[in-house]
Protein chains: 2
Amino acid sequence: MRTVDLIIKKRDGGALSTAEIDFLIAGYTQGTVAHEQMSALAMAIFFRGMDDRETGDLTLAMARSGDQLDLHDIAPLTVDKHSTGGIGDKTSLVLGPLASAAGMPMAKMSGRGLGFSGGTIDKLEAIPGFRTELSSAEFRAGVREIGLVIAAQSGDLAPADKRLYALRDVTGTVESIPLIAASVMSKKLAAGADCIVLDVKTGAGAFMRTQDDARALAERMVAIGQHAGRRVAAAITTMAQPLGANIGNALEVKEAIATLRGHGPADLVELCVALGAELAVLAGKAATPAAGAALMRTTLDSGAAWVQFRRFVANQGGDLRYVDEPERLPSAPVIQELPAPRSGVVAAINGEVLGMAVNELGGGRMRKEDNIDPAVGLVIAAKVGDRVSEGQPLLQIHAASAQAATAVAARLAAAYTIGDQSVAAPPLIYEVIR
Amino acid sequence: MRTVDLIIKKRDGGALSTAEIDFLIAGYTQGTVAHEQMSALAMAIFFRGMDDRETGDLTLAMARSGDQLDLHDIAPLTVDKHSTGGIGDKTSLVLGPLASAAGMPMAKMSGRGLGFSGGTIDKLEAIPGFRTELSSAEFRAGVREIGLVIAAQSGDLAPADKRLYALRDVTGTVESIPLIAASVMSKKLAAGADCIVLDVKTGAGAFMRTQDDARALAERMVAIGQHAGRRVAAAITTMAQPLGANIGNALEVKEAIATLRGHGPADLVELCVALGAELAVLAGKAATPAAGAALMRTTLDSGAAWVQFRRFVANQGGDLRYVDEPERLPSAPVIQELPAPRSGVVAAINGEVLGMAVNELGGGRMRKEDNIDPAVGLVIAAKVGDRVSEGQPLLQIHAASAQAATAVAARLAAAYTIGDQSVAAPPLIYEVIR
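Chains are numbered independently. Their residues run from 1 in the order of the written sequence. Going through the entries in the order they are written, you letter the chains from A and number the ligands from 1. Where local features are concerned, this predicted model is filtered to residues with pLDDT of at least 70; where side-chain atom pairs are given and counted, the filter is 80 or more; whole-chain, interface and lining totals use all residues. The side-chain numbers reported here are obtained from all heavy atoms of the structure, hydrogens and water having been left aside.

## With respect to the overall build of chain A
Now for step 1: Strands are runs of DSSP state E lasting at least 2 residues, helices are runs of H or I lasting at least 4, and numbering of each runs from the N terminus. Each helix and strand counted, chain A has 17 helices and 13 strands in total.
Now for step 2: Both definitions apply: the radius of gyration is a C-alpha atom measure, and the globule rule equals 2.2 Å times residues to the power 0.38. Radius of gyration (C-alpha) of chain A: 22 Å, near the 22 Å computed for a compact globule of 434 residues.
Now for step 3: With the principal axes as the frame, chain A shows a C-alpha extent of 70 × 45 × 40 Å.
Now for step 4: When a residue's accessible area, from a 1.4 Å probe over protein chains only, is under 20% of the maximum for its type it is buried; when over 50% it is exposed; and in between it is partly exposed. For chain A, the proportion of its 434 residues judged to be buried stands at 57%.
Now for step 5: For chain A, restricting intrachain contacts to residue pairs at least 6 apart in sequence, the fraction spanning at least 24 positions comes to 78%.
Now for step 6: Only the protein chains shown count as cover for residues, and the accessible areas themselves come from Shrake-Rupley with a 1.4 Å probe. As presented, chain A carries roughly 16,000 Å² of accessible surface, and 51% of it is formed by carbon and sulfur atoms.
Now for step 7: Taking the average place of the 42 positive charges on the side chains of chain A and the average place of its 48 negative ones, the gap between the two points comes to 2 Å. Any two residues having at least one pair of non-hydrogen atoms within 4.5 Å are treated as being in contact. For the purpose of counting charges, residues Lys and Arg are taken to be positive, whereas Asp and Glu are taken to be negative. His and the chain ends are not included. Taken as the charge centre is NZ of Lys, CZ of Arg, CG of Asp or CD of Glu, depending on the residue.

Spelled out as structure tokens, the structure:
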């Protein structure tokens, strides 16, 4: 088998066999398939696509390229969750305790955020003492004893994906549905969960700009899961505006705590309940999504999810004083309000602009080695459909200095579209692919 | 300017600006544009193409990446010739003396053959003493004093093309008309000729399989020449069967000598006259291709081209005894005839199969470091349209041993299609793009 012949086969519209895909990924992991060959192949895949079988084989080959977790000796069934990334998305901080409190152990490996604001790991690290770098023994003990672990992705999980992802980033081959789907799912399969719920976001500030693209990605990822013998469901959800009110690491932890204590924003609660309901059906805890949703609401309303969150934080070294009194969490020295430039109805909020502003305030990283300021961020006061008067705050800017706040204010104002017509709030969940 | 943005621009169907192409080629030459980025770009170009302006800019950028010859202090006008490569193609050995004897100095850099049989350099080296590795001073002196030099391509001519060509070979991005055209023309532009005639071959054993592809490539290369201010014409010629009778290095030199002495095969003479006629029009030596052809026939028939060939060989150190008595040239110890398996009319000869057989006999190289046996090859006895009787020879195999000859015989027989219907010989020149 010659690599160049396989590139030409895909270039000319052929389907690569299972053995051919295994040859390419094993060779790329070992270095016998060169970067320049892999990038040419990725570009050919961009143009020619891959069918479900090829995409599934690619995912499995990448999942097998490094360590593969098997937690069945600890828990008969574990669940996992993945989001394609959105602005103000603190769902995992709520869903983890919620699902595990309802008897579904969650063992989650998460990446650090790059680009918009922080990732789940960055958010948890806003809690003083919280440790995300766990040994394999600690990770397994957390699943067994608490039923919930969230840790930074460790060493050798799907190294072929790691190489390919970095390559795609510099070669203009990121935007390929089969390659995106294989990348996400290879890490999820290697991490070992039996049931996986995916949150595919669409709209400004989301990776998938259109609902059609989001559906194509969701369908592809569910198909991969089936190919690999896992139970997978994918919700397609809006990024027409940020989720909840808070964007920024400590601010999002505060909002997650409020939600677990029963005072969450309606959209965040709705999403966590819906994703938990899908997991409950996949895990056999509920017969229907409606029954699953009822189980989630009960678990949240009873306080069981909150109790579970505290156990989880304590288990990973977090200082519970900051969780019980969240006003102790890092807070910004400057809070500046952004006034509405005119009266009217909020018609749209560009989440991408908000996310980039948080980045610029110091709440995200542009490069891997950047440090994050956990305190900075935004608190949204007016969401889509809300009526505002001129001068009334659209949002609060939490910044390290007045200068930093002022520097982003004009762009933040431009992220808001204010009209005269009344506007219905956009639906949160468009559809679920099962 | 970021490389990845330029890859994405081309991927999404955009046209790259002159400055963007210069940035990419300069960066690739210097190493700031990585191989994996260039291969992804090449694959994007495979799918999206390049317009004439982009292709011209790419060619100029590659031509400028290394040394650029300027011979105007030696000769006011020089000519050059390039063939996309065919089986048994000894045209340069005849056209060089012919054109230069007619007052058009030719300064030709040529690559060594790779793949099918040998290249022009390998053929000339079948003449004992002939030197193709010339210093710059020797090269210039040959143009000034003799009016004809053919030398192996020296060090730093279009190094960006050299890198890109090697990259395309392993990344499945060879078959792109703009990339092929830019590769050929970058070397021709850097070599400095004012007038260039191109021979684009089409058919089995040729790089361009269809006449449409050959026309597209010819048009693209003529457009590049115009973009660069050179005079260029391109003939589209058949590879429906090998040119002349002989394939193999010394065998082809013998056939070229016979042609220069007035005993050449009709197709080889016709092609050399036609290509020379185009050069004569480009160089202002003739008003029309017909007048140019008359000039070429006179130059050939008068013996002037033969005299010029002897001067050229002597100037580059070749031993004239071998030229004057070509039976002294290396000859194979074994000559084995291939009999026709049935009576009938030769309907087709697959030149690719013949070329590969010569390679296997030792007359070409599979890798750069392979040595060539100048003596081996094939002499075709029956061409397309010829009537043969069962057992009559189709061709002679010139081999180093009976074993080597027998090893290729069966495949050679399969290269011939023999039918019952009478067949017209295929036209030699389909059209000329000017």
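Moving on, there is more to tell.
## With respect to the interface of chain A and chain B
Now for step 1: Taken together, the contacts link 22 residues of chain A with 22 residues of chain B.
Now for step 2: Roughly 1,700 Å² of surface becomes buried between chain A and chain B when both sides are summed, with 69% attributable to carbon and sulfur atoms.
Now for step 3: By buried area we mean how much accessible surface two parts lose on assembly, using a 1.4 Å probe and totalling the loss over both. The three residues of chain A that bury the most area against chain B are R11(A), E36(A) and F47(A), which together make up 36% of that side's buried surface.
Now for step 4: One speaks of a salt bridge when a side-chain nitrogen belonging to Lys or Arg is within 4 Å of a carboxyl oxygen belonging to Asp or Glu. At the junction of chain A and chain B, the tally comes to two salt bridges.
Now for step 5: Among the salt bridges present, the one from E175(A) reaches R11(B), with a minimum N-O distance of 2.8 Å.
Now for step 6: At the level of secondary structure, the elements contributing two or more residues to the side of chain A that touches chain B comprise α1 (3-11), α3 (35-48) and α8 (159-171) of chain A.
Now for step 7: For the side of chain A that touches chain B, the leading source of residues is α3(A), giving ten residues.
Now for step 8: Throughout this entry, Asp, Glu, Lys and Arg are counted as charged residues, while Ala, Val, Leu, Ile, Met, Phe, Trp, Tyr, Cys and Pro are counted as nonpolar. The remaining residues, Gly among them, count as polar. The class makeup of the residues in the side of chain A that touches chain B is ten nonpolar, six polar and six charged.

## What about the relation of the copies chain A and chain B?
Now for step 1: For the pair chain A and chain B, the superposition axis carries a translation of 0.1 Å, the fit reaches an RMSD of 0.1 Å, and the rotation angle comes to 180 degrees. The symmetry that links the two subunits is that of a two-fold axis. For chain A, the smallest separation between a C-alpha atom and the rotation axis is recorded for E36(A), amounting to 1.8 Å. To line up the copies, we fit them by least squares on C-alpha atoms, keeping just the residues with pLDDT of at least 70 in both.

## Here's the deal with the sheet that holds strand β7 (residues 334-339) of chain B
All names here are of chain B.
Now for step 1: Strand order in the open sheet made by the four strands is β6-β9-β11-β7, with antiparallel pairing throughout. Each edge of the open sheet carries a strand with a single partner, namely β6 (246-247) and β7.
Now for step 2: By the bridge criterion, six bridges tie β7 to strand β11 (residues 393-399) in an arrangement that is antiparallel. By the bridge assignment, L338 is partnered in β11 with L395. Any two strands are treated as partners once DSSP identifies two or more bridges connecting them.

## A short note on the nonpolar core
Now for step 1: Counting residues in hydrophobic clusters, the biggest one holds 51 residues, and the most contacted among them are M104(B), I127(B), L279(B), F309(B) and F312(B).
Now for step 2: Considering every element that reaches this core, the biggest residue donor is helix α12 (residues 266-282) of chain B, with nine residues.
Now for step 3: Sequence-distant contacts of F309(B), defined by excluding residues within four places in its chain, comprise L93(B), P97(B), I127(B), I257(B), L260(B) and V323(B).
Now for step 4: Residue types Ala, Val, Leu, Ile, Met, Phe, Trp, Tyr and Cys, when buried and joined through side-chain atoms within 4.5 Å, form a set referred to as a nonpolar core. One finds A102(A), L271(A), A286(A) and M296(A) within the second-largest nonpolar core, a separate group that totals 50 residues.

## Some thoughts on the packing of helix α5 (residues 91-101) of chain B against α12(B)
Residues and elements named next belong to chain B.
Now for step 1: Axes here refer to lines fitted to C-alpha atoms; in helices the fit is confined to the stretch in contact. Angles between the N-to-C directions go from 0 to 180 degrees. α12 packs onto α5 with a crossing angle of 45 degrees between their chain directions and a minimal axis gap of 10 Å. By the angle between their directions, the pair α5 and α12 is classed as oblique. The way α5 lies across α12 gives a crossing that is right-handed. Contact with α5, carried on its side by T91, V94, L95, L98 and A99, involves L268, L271, C272, L275, G276 and L279 of α12 and no other residues of that element. Orientation labels follow simple angle bins: below 35 degrees gives roughly parallel, above 145 gives roughly antiparallel, 65 to 115 gives roughly perpendicular, and whatever is left gives oblique. Less than a right angle of anticlockwise turn of the near helix away from the far helix marks a crossing as left-handed, whereas a clockwise turn marks it as right-handed.

## Digging into the sheet that holds strand β10 (residues 387-388) of chain A
Now for step 1: One open sheet holds the three strands; their spatial order is β10-β8-β12 (chain A), and the pairing between them is antiparallel. With partners counted over all chains shown, the strands left at the sheet margins are β10 and β12 (416-419) of chain A, one partner each.

## Section: helix α14 (residues 304-315) of chain A
Residues and elements named next belong to chain A.
Now for step 1: Compared with the 16 Å implied by 1.5 Å per residue over twelve residues, the 16 Å span of α14 between its first and last C-alpha is a close match.
Now for step 2: All of the buried residues in α14 are A305, W306, Q308, F309, F312 and V313. Buried positions in α14, seen along its axis, are confined to an arc of 160 degrees and lie on one side of it.
Now for step 3: Residues of α14 that are buried sit in contact with α5 (91-101), α6 (120-124), β3 (148-152), α11 (249-260), α13 (289-301) and α15 (320-324).
Now for step 4: Trailing α14 by a residue or two, G317 shows a phi angle of about 90 degrees, which is positive. Expected helix span is computed as 1.5 Å times (number of residues minus one). Directions are taken from the helix axis to each C-beta atom, and the arc is the one they span.

## Considering the packing of aromatic side chains
Now for step 1: Any pair of Phe, Tyr and Trp rings, taking the six-membered ring for Trp, is counted once the centres come within 6.5 Å. Such a pair is stacked with planes under 30 degrees apart, edge-to-face with planes over 60 apart, and tilted for the rest. Going through the model one piece at a time under the given rule, you end up with nine aromatic pairs over all chains.
Now for step 2: Centre to centre, the rings of F309(A) and F312(A) are 6.1 Å apart; their planes meet at 50 degrees, and the pair counts as tilted. Residue F309(A) and its partner F312(A) are located together in helix α14, separated by three residues, close to a single helical turn. Across this residue pair, the class does not change: F309(A) and F312(A) are buried.
Now for step 3: Relative to F47(B), the ring of F46(B) has its centre 5.2 Å away and its plane inclined at 80 degrees; by these criteria the two rings are edge-to-face.
Now for step 4: The structure contains a cluster of three or more aromatic residues connected by ring pairs, namely F46(A), F47(A), F46(B) and F47(B).
Now for step 5: Put simply, a charge is over a ring when the Lys NZ or the Arg CZ is close to the ring centre, within 6 Å, and near the line of the ring normal, within 35 degrees. Above the ring of Y28(A), the side-chain terminus of R163(A) is found at 4.8 Å from the ring centroid.
Now for step 6: Cation over ring: K187(A) sits above Y165(A), and NZ or CZ is 5.8 Å from the ring centre.

## Concerning the pattern of salt bridges
Now for step 1: Applying the stated criterion across every chain yields a total of 52 salt bridges over all chains.
Now for step 2: In this structure, the salt-bridge partner of D267(A) is K383(A), at a minimum N-O distance of 2.7 Å. With D267(A) in helix α12 (residues 266-282) and K383(A) in the loop between β9 (377-380) and β10, this pair connects stretches of sequence that are 116 residues apart.
Now for step 3: For D267(A), a relative accessible area of 18% gives the class buried.
Now for step 4: Notably, a salt bridge pairs K187(B) with D161(B), separated by 3.4 Å at the nearest N-O pair. Taken together, the residues K187(B) in helix α9 (residues 177-191) and D161(B) in helix α8 (residues 159-171) connect sequence positions 26 residues apart.
Now for step 5: A relative accessible area of 23% places K187(B) in the partly exposed class.

## Looking at the side chain of D80(B)
Residues and elements named next belong to chain B.
Now for step 1: Topologically, D80 is positioned in strand β1 (residues 79-83).
Now for step 2: The class of D80 is buried, set by a relative accessible area of 0%.
Now for step 3: Among residues more than four places away in sequence, those in contact with D80 are M106, A107, K108, K188, A191, A193, C195, I196, V197 and L279.

## A look at the pairing of β3(A)
Now for step 1: Most of β3(A) sits out of view: five of its five residues are buried.
Now for step 2: Side chains L148(A), I150(A) and A152(A) of β3(A) all project onto a buried face; the interleaved residues V149(A) and A151(A) project onto the opposite face, where all are buried too.

## Here's the deal with the environment of S154(A)
Now for step 1: If you trace the backbone, S154(A) turns up in the loop between β3 and α8.
Now for step 2: Residues S154(A) and M109(A) lie 45 residues apart in sequence; the distance between their C-alpha atoms is 7.7 Å.

## Some words on the confidence of the model for chain A
Do not read the predicted coordinates in detail wherever pLDDT is low.
Now for step 1: The score called pLDDT rates the predictor's confidence residue by residue, from a low of 0 to a high of 100. When pLDDT is averaged along chain A, the result is 93; 98% of the residues meet or exceed 70.
Now for step 2: At the level of chain-chain contacts, confidence expressed as ipTM amounts to 0.86, with global pTM at 0.87.

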